[in-house]
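Residue strings, one per chain:
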Amino acid sequence: MESYTIEAAKAVSGEITVPGDKSISHRSIMLGSIASGITRVTGFLRGEDNLATLNAFRAMGVEVEDDGTTLTIHGRGLHGLEEPADVIDCGNSGTSIRLLTGLLSGQSFFSVLTGDKYLRKRPMKRVVGPLWEMGARIAGRAGGEKAPLAISGARLQGIAYDSPVSSAQVKSAILLAGLYADGETVVREPHLSRDHSERMLRHFGADIQADGPCVRIRGGRELRGQDIVVPGDISSAAFFIVAGLIVPGSELLIKGVGVNPTRTGIVDILHLMGGEISLQNQRELSGEPVADILVRTSPLRGIEIGGDLVPRAIDEFPVLCVAAACASGRTVIRDAQELRVKETDRIKAMAENLRLAGVPVEETGDGMIIEGGKGFSAFNADSKGDHRIAMSMLIAGLVTPGSCRVDDTDCIATSFPNFFQLLEQVAKR
Ligand code: S3P
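An account of the accompanying structure is given in this report. (Residues numbered from 1 in each chain as written. Predicted model: local features only at pLDDT ≥ 70, side-chain atom pairs only at ≥ 80, totals over all residues. Heavy atoms only, no water.)

Every residue near the ligand is listed here: Ser23, Arg27, Thr95, Arg98, Ser167, Ala168, Gln169, Arg194, Ile314, Asp315 and Lys342. Between the ligand and Ser167, the relevant distance is 2.6 Å, taken from an oxygen atom to a side-chain nitrogen or oxygen of the residue. Between the ligand and Ala168 there is a distance of 3.0 Å, counted from an oxygen atom to a backbone nitrogen or oxygen. Against a free-state accessible area of 390 Å², the protein chains account for coverage of 95% of the ligand. At the level of secondary structure, the elements contributing two or more residues to the shell around the ligand comprise α1 (22-34), α3 (94-105) and α6 (168-178). Residue assignment places the shell around the ligand across two domains, with domain 1 (3-20 + 231-428) and domain 2 (22-219) each supplying three or more. (Near = heavy atom within 4 Å. Polar contact = N/O pair within 3.5 Å; in protein donor to acceptor, adjacent residues only side chain to side chain. Areas by Shrake-Rupley, 256 points an atom, 1.4 Å probe, with all protein chains shown as cover. Helix = DSSP H or I, 4+ residues; strand = E, 2+ residues; numbered from the N terminus. Domains from an automatic or database assignment.)

Ordered in space as β20-β21-β23-β22, the four strands form an open sheet in which the pairing is mixed. What marks the edges here is a single partner per strand, and that holds for β20 (304-305) and β22 (361-364). Bridging between β22 and strand β23 (residues 367-372) involves four bridges; their strand directions are antiparallel. Along β23, the bridge assignment pairs Thr364 with Gly367. (Pairing = 2+ DSSP bridges.)

A cis amide bond links Ala147 with the next residue in sequence, Pro148, at an omega value of 5 degrees. Checked against the element boundaries, Pro148 lands in strand β9 (residues 146-152). Here Asn281, not a glycine, exhibits a phi torsion of approximately 55 degrees, which is positive. Relative to the assigned elements, Asn281 resides in strand β18 (residues 276-285).

To continue, consider the pairing of strand β1 (residues 3-6). Side chains Tyr4 and Ile6 project from β1 onto a buried face, and the interleaved Ser3 and Thr5 project onto a face without burial. Across four bridges, β1 lies against strand β25 (residues 404-407) in antiparallel orientation. Paired with Ser3 across the strands is Asp407, a residue of β25. (Buried < 20%, exposed > 50% of the residue type's maximum accessible area, 1.4 Å probe, protein only.)

Running from amino to carboxyl end, helix α12 (residues 387-397) crosses helix α13 (residues 419-426) at an angle of 15 degrees, the nearest separation of the two axes being 12 Å. It follows that α12 is roughly parallel to α13 by the angle criterion. Two packed elements cross with a definite hand, and for α12 against α13 that hand is right-handed. Of α13, the residues touching α12 (which contributes Met391, Leu394 and Ile395) are Phe419, Phe420 and Leu423. A breakdown of the residues in the contact of α12 with α13 according to their chemical character gives six nonpolar, no polar and no charged. (Axes fitted to C-alpha atoms, helices over the stretch in contact; angles between N-to-C directions. Parallel < 35°, antiparallel > 145°, perpendicular 65-115°, else oblique. Left-handed = near helix turned anticlockwise from the far one by under 90°. Contact = heavy atoms within 4.5 Å. Nonpolar A, V, L, I, M, F, W, Y, C, P; charged D, E, K, R; others polar.)

Before going further, it helps to spend a moment on the nonpolar core. Among the nonpolar cores identified, the biggest contains 80 residues, and Phe240, Leu270, Met368, Ile370, Ile395, Leu398 and Phe419 are the most heavily contacted of them. Of all the elements, helix α8 (residues 234-246) adds the most residues to this core, at 10 residues. When sequence neighbours within four positions are dropped, the list of residues in contact with Leu398 reads Ile6, Glu7, Ala8, Ala9, Val12, Ala243, Val247, Leu423, Ala427 and Arg429. The next biggest cluster of nonpolar side chains, apart from the first, holds 62 residues, and it includes Met30, Met134, Leu175 and Leu201. (Core = buried A, V, L, I, M, F, W, Y, C linked by side-chain atoms within 4.5 Å.)

As structure tokens, then:
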């Protein structure tokens with residue numbers, strides 16, 4: 001298990017690009033594989049999570065060429081996937097297993113999905129339940145709640161599903177099953193979660209309509225291969241945005257970042273906290289908005305975060321906790337109970353790690369209360385095997401006097417393989 005020792009930085013500055021968006025990268029492989037014709041993907045994130053999705057489709061007979069810059073996917077059409085000869089290992093990736101469960105429910109073959117020890121603890125009924133309603137034949141541990149999941153292809157019926165959670169993985173699993181279902185499939189969620197599936201399905205020619213948090217899809221229509229340019233991942237940029245705000249004397253430009261409004265909660269929250277962040281050179285790539293993000297050191301103040309901001313910043317709460325600890329006054333996070341079922345329980349993990357760094361924190365059922373402004377004292381943090389906890393505590397290390405150590409940092413490779421390289425490039429010492 002790797003550990004990393006980090007020293008305080010005098011500033012973070014320069015110009016960087018972060019790797020491709022994880023959510024869009026997954027979806028590009030999935031839709032490219034079941035479209036007819038060729039899909040070319042540039043900017044694909046070569047993190048472990050996305051490679052798990054790529055390997056899954058290769059195991060189902062999809063030819064994917066990789067010249068190091070562009071993936072060329074030879075789509076097999078809606079009904080062209082082949083039965084995989086072995087269990088599909090999704091590793092640490094919740095997006096891979098949940099979206100694949102939806103997509104594989106409508107195939108005419110048998111498949112088994114599993115993952116690492118963290119993924120095998122995460123809830124799957126949230127997708128299995130509505131898929132059962134569509135007629136899917138899925139069995140899993142704990143009555144279908146836990147992976148491994150065994151899926152026997154079945155004929156699916158469209159349903160109208162009111163999701164109790166705002167989750168893009170739940171929504172996307174049902175929409176992908178909906179591609180194979182008879183009639184119309186409708187998904188409604190309490191607040192709109194990331195809408196990359198809807199956008200990309202439309203781009204590939206699916207019969208889909210979205211109206212805020214309500215999406216309708218009709219199955220049966222062939223998808224056509226497309227060229228996809230994957231923008232930088234705002235969830236990866238978030239670590240450097242927060243670094244740029246909290247490290248004194250910083251000015252950092254992060255180029256080519258996806259700024260889909262369902263993902264920019266981090267920018268809105270940091271604006272409310274007083275952060276100087278501007279989006280420049282706004283443009284559109286493959287149906288997704290993109291911008292360069294400029295950030296400067298700013299005095300931050302504590303705020304209350306809840307409601308529809310939560311799904312729009314769901315993966316950014318670990319690093320937002322670091323920003324909150326550096327802000328003056330109290331930050332209250334609520335409505336964020338979904339954080340308890342991420343790669344680890346992120347409320348518990350961040351509360352424990354912040355306390356180790358001397359920050360007063362109170363855990364609540366659906367969030368936490370952080371007393372900011374006291375700064376961090378040197379710490380030895382534990383990632384709990386969660387990439388975003390590891391990277392967040394490393395960012396805290398940039399503003400902590402003395403050396404700090406973060407244990408179990410290998411997991412960073414799931415989403416951000418060149419994180420350390422970029423960190424050392426921008427951190428001035
Ligand atoms: C993702 C959706 C979110 C997010 C995850 C990626 C996706 O999960 O946390 O990192 O690509 O659809 P939930 O759907 O569980 O909120």
